[in-house]
2 protein chains.
Amino acid sequence: MMGMIEEIDKEDMTAMVDAFPSLLQIYSLSEEYQKKLEHIDKTSIKGIGLVGMGGSAISGLLSKGLLDQKSHIPIVSVQDYKLPKYIQKKWVVIAVSYSGNTEETLASLKEGQGRGCTCLGITSGGKLRNKLPSEQIQLLPKGLQPRAALPIIFAAVYPTIQLLIGTDKEDLVKVGRKLEELEKDWGGNITPVQFAKSISNSIPLFTGWSHLSPVAYRARCQINENAKTAAYNSDIPEANHNEIESCESFSKYRIIPVFLRSIYEETGITRRFEITGEIYRAQGISPLEIRFEELSQIEETLVHTYYLDKVSVELAKILKADPISVDRISTLKRKLASSDETH
Amino acid sequence: MMGMIEEIDKEDMTAMVDAFPSLLQIYSLSEEYQKKLEHIDKTSIKGIGLVGMGGSAISGLLSKGLLDQKSHIPIVSVQDYKLPKYIQKKWVVIAVSYSGNTEETLASLKEGQGRGCTCLGITSGGKLRNKLPSEQIQLLPKGLQPRAALPIIFAAVYPTIQLLIGTDKEDLVKVGRKLEELEKDWGGNITPVQFAKSISNSIPLFTGWSHLSPVAYRARCQINENAKTAAYNSDIPEANHNEIESCESFSKYRIIPVFLRSIYEETGITRRFEITGEIYRAQGISPLEIRFEELSQIEETLVHTYYLDKVSVELAKILKADPISVDRISTLKRKLASSDETH
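The structure displayed is predicted, hence computed values, not measured ones. (Residues numbered from 1 in each chain as written. Chains lettered and ligands numbered in written order. Predicted model: local features only at pLDDT ≥ 70, side-chain atom pairs only at ≥ 80, totals over all residues. Heavy atoms only, no water.)

A. Inspection of the relation of the copies chain B and chain A at higher detail. When chain B is fitted onto chain A, the two copies agree to an RMSD of 0.0 Å after a turn of 180° and an axial shift of 0.0 Å. Look at the turn and shift together and you get a two-fold axis relating the two. For chain B, the minimum C-alpha distance to the rotation axis belongs to Tyr253 of chain B and amounts to 3.2 Å. When the interface residues of chain B are mapped onto chain A, 100% of them again fall at the interface, so both copies present the same face. (Least-squares fit on C-alpha atoms with pLDDT ≥ 70 in both. Contact = heavy atoms within 4.5 Å.)

B. Broad picture of the sheet that holds strand E3 (residues 91-96) of chain B. Residue and element names in this part refer to chain B. Spatial strand order, E2-E1-E3-E4-E5: 5 strands in an open sheet with parallel pairing. Whereas interior strands pair on both sides, the edge strands pair on one side only; in this sheet they are strand E2 (75-78) and strand E5 (137-139). Neighbour to neighbour, the strand axes of the sheet diverge by 15° on average, direction disregarded. Direction of pairing for strand E1 (residues 47-51) relative to E3: parallel, over a ladder of 5 bridges. Note on E3: the bridge partner recorded for Gly47 is Trp91. Running at roughly 155° to strand E4 (residues 118-123), helix H4 (residues 31-39) makes contact with E4 and E5 of the sheet. (Pairing = 2+ DSSP bridges. Helix = DSSP H or I, 4+ residues; strand = E, 2+ residues; numbered from the N terminus. Axes fitted to C-alpha atoms, helices over the stretch in contact; angles between N-to-C directions.)

C. Up close: the interface of chain B and chain A. Each partner contributes residues to the interface: chain B has 80 residues there, and chain A has 80 residues. Together chain B and chain A conceal approximately 6800 Å² of surface at their shared face, both sides included; 56% is due to carbon and sulfur atoms. Considering only the surface of chain B that becomes buried against chain A, Glu245, Tyr253 and Arg328 of chain B emerge as the three largest contributors, covering 12% of it. At the boundary of chain B with chain A, the tally comes to 12 salt bridges. Arg328 of chain B is paired through a salt bridge with Glu248 of chain A; the nearest N and O atoms lie 2.6 Å apart. At the boundary of chain B with chain A, the tally comes to 45 residue pairs in polar contact (both at pLDDT 80 or more). Elements with a minimum of two residues in the side of chain B that touches chain A: helix H5 (54-67), helix H6 (103-114), strand E6 (203-208), helix H10 (213-227), strand E7 (232-235), helix H11 (267-282) and helix H13 (327-342) of chain B. Residue classes in the side of chain B that touches chain A are distributed as 30 nonpolar, 26 polar and 24 charged. (Buried area = accessible area lost by both parts, 1.4 Å probe. Salt bridge = Lys/Arg side-chain N within 4 Å of Asp/Glu carboxyl O. Polar contact = N/O pair within 3.5 Å; in protein donor to acceptor, adjacent residues only side chain to side chain. Nonpolar A, V, L, I, M, F, W, Y, C, P; charged D, E, K, R; others polar.)

D. The arrangement of the packing of aromatic side chains in detail. Applying the stated criterion across every chain yields a total of 21 aromatic pairs over all chains. Aromatic side chains Phe292 of chain B and Tyr307 of chain B sit 6.3 Å apart centroid to centroid with 80° between the ring planes, which places their arrangement in the edge-to-face category. With Phe292 of chain B in the loop between strand E9 (288-290) and helix H12 (297-318) and Tyr307 of chain B in helix H12, the pair connects residues that are 15 residues apart, well separated along the chain. Judged by its relative accessible area of 0%, Phe292 of chain B is buried. Taking relative accessible area as the criterion, Tyr307 of chain B reaches 0% and is therefore assigned buried. Among the aromatic side chains, those forming a connected cluster through ring pairs are Phe20, Trp186, Phe195, Phe292, Tyr306 and Tyr307 of chain A. (Phe/Tyr/Trp six-rings, centres within 6.5 Å; stacked < 30°, edge-to-face > 60°. Buried < 20%, exposed > 50% of the residue type's maximum accessible area, 1.4 Å probe, protein only.)

E. The arrangement of the sheet that holds strand E8 (residues 255-260) of chain A in detail. Residue and element names in this part refer to chain A. Read across the open sheet, the 4 strands follow the order E7-E6-E8-E9; overall the sheet is parallel. In this open sheet, the two edge strands, each paired with only one partner strand, are strand E7 (232-235) and strand E9 (288-290). On average, each strand axis in the sheet is inclined to that of its neighbour by 25°, with strand direction left out of account. Examined bridge by bridge, strand E6 (residues 203-208) and E7 share 4 bridges and lie parallel to one another. Residue pairing in the sheet places Leu205 in a bridge with Tyr232 of E7. Running over the sheet, helix H9 (residues 192-199) touches E6, E8 and E9 and is turned about 155° from E9. Against the sheet, helix H12 (residues 297-318) contacts E6, E8 and E9, and its axis sits at roughly 130° relative to E9.

F. Here's a closer look at the side chain of Asn233 of chain A. Secondary-structure assignment places Asn233 of chain A in strand E7. In this structure Asn233 of chain A comes out as buried when scored by relative accessible area, which is 12%. Discounting residues that sit within four places of it in the chain, Asn233 of chain A has contacts with Leu205, Phe206, Ala216, Tyr217 and Arg220 of chain A together with Arg220 of chain B.

G. Spotlight on the packing of helix H10 (residues 213-227) of chain A against H12 of chain A. All names here are of chain A. Contact pair H10 / H12: the axes reach a minimum separation of 9 Å and the direction vectors enclose 20°. As summarised for this structure, H10 and H12 are arranged roughly parallel, according to the angle between their axes. Here the hand of the crossing between H10 and H12 comes out right-handed. Facing H10, whose interface residues are Val215, Arg218, Ala219, Gln222, Ile223, Asn226 and Ala227, H12 presents Thr301, His304, Thr305, Leu308, Asp309, Ser312, Val313, Leu315 and Ala316. The residue makeup of the contact of H10 with H12, split by class, is 8 nonpolar, 6 polar and 2 charged. (Parallel < 35°, antiparallel > 145°, perpendicular 65-115°, else oblique. Left-handed = near helix turned anticlockwise from the far one by under 90°.)

H. How the structure looks around the pairing of E1 of chain B. Residues and elements named next belong to chain B. By the criterion of burial, E1 is predominantly enclosed, with 5 of the 5 residues buried. Residues Gly47, Gly49 and Val51 of E1 are buried on one face, and the alternating residues Ile48 and Leu50, pointing to the opposite face, are buried as well. Strand direction decides the pairing type here: E1 and E2, joined by 4 bridges, are parallel. Bridged to Gly49 within E2 is Val76. With respect to chirality, the unit in which E1 leads through H5 into the neighbouring parallel E2 is right-handed. (Right-handed = clockwise from strand over helix to strand, strands pointing away.)

Right under this line is the structure:
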């Protein structure tokens, strides 16, 4: 199955996103890397620092969302050039960069190495590959756009964290098959094409709770990058303390709230979503909802992500945006590199 | 000076926000509470969990932004009913609720108590006051709107964390005086009134870095609650990996980026702000900037916050919104309470 990645056209975002369930299934940790992980003294680890940016950060954020209620040590996401001071010797730093060349990630990794942290790298190559001994690197297949590589990055990051915190490893092949099954009718939700149509003239505001909060952030980023249009995110219950008061401007600015619902919500959270919906409707705003039944938490996280990834590509088609190009990100990187030379 | 709070009209948000610098100066930790803090064995603390929602959460987020580069232990913000699993016995849980009745905060505090965490409370009364022995409660003066109470909450939360992590205590009286001095000409920035005018027909998108990232979030919430209109936030460098691609929709949706600049930016961050600005301008978007010179990090954090608090109230005046009322938040709380009774 590993040949599959070469078959996917790097210039075809629809195909890359369609491959989500298969990408989740084809990849597993290398023996060498897994052996290294098993040899780390788990009892002495004080915390895990996930270092990465943009599309490479998402797998870490989704993993943290799933594991914060299971981990006996803090899992901290760092999206900057610098590590917080408390990430020191007994912390594990996992540097995730699909390209291997993200400068913030390389800078933070270097800091972690300087502090004597146990460092791991997850990458398809680039500079990151040579910053660590090979057994501390989980090498990913090349050839995907970083944001479309989420399933294979996740399939490396998530089991790494599970091994470090000592929870049972999930069967990602089974999860991938579940996603394939679900996409036949999307669990009764409207199709991603219909969904994309219904937000095509609006700013979607994705609102999630707990493990679906990072999915809301992922949806914002995917729509920004693939469809080149504005999208924002927020969390329940926090949004109930401030954002809810802004809803009288939603019609004026064409903001459409999208609730990412979970079957794991406690009563208080369910009621908050319901009442927030009532308040929005009283304002003439109909929030959209995405909800799946009878899934494990990891299935729920990944199917919401997959569905919204598809929405972002369908939205690009409607808006006639090129989902592949990231001209502005490239311009920025080029200008940053040239200013480096002049300094 | 403590009588001041009674003199401020609870129904006058302009006056409450104007009192920001004085509120920062009038308040200090009680002797009993400070003694308790001094007796906590600092060497055994594994981390600090800041528990709070909305206006009560902000002081913690600002403190974390200022202290992450100085603390040897993780400072984690929890805005939910549940604590992450890793917040256990050797963690300090600081429950912050101005009213003392925020249900998420009370639930998380209860969990912390059940796990044997060292628990502290910062509140003006309510149920929270009776959940802990008096020496573990820092009592705040009543009579302000929670979101306007930020300076007095901050003046309790920030020194609490500083004591726990062993950094030098800042002189908040001096900081307050500095704010009073700065508001004479706002350090050369346009006035909050002018600023409010320039965003009055747009969605402001506040973008910060490091210690100014939580200020960007505060600005979003203040505009939501006071001016009843949409506002969003993002972080540099993360926004350079996704959000920047959405800028071609900014004109269509009347989104106006606002950069919160810091004199503590490293070259890479400064260049990122500059190049992001260039890319936005090439798209016909002129980002606004707020920037102050020659301030300490805490002064910078608080003067940006104060300035943007003023903007939120001025914006409310322009939009003819009542900055005091929070009808939707009240409706939601009432409905939640009545559904509790029927369950």
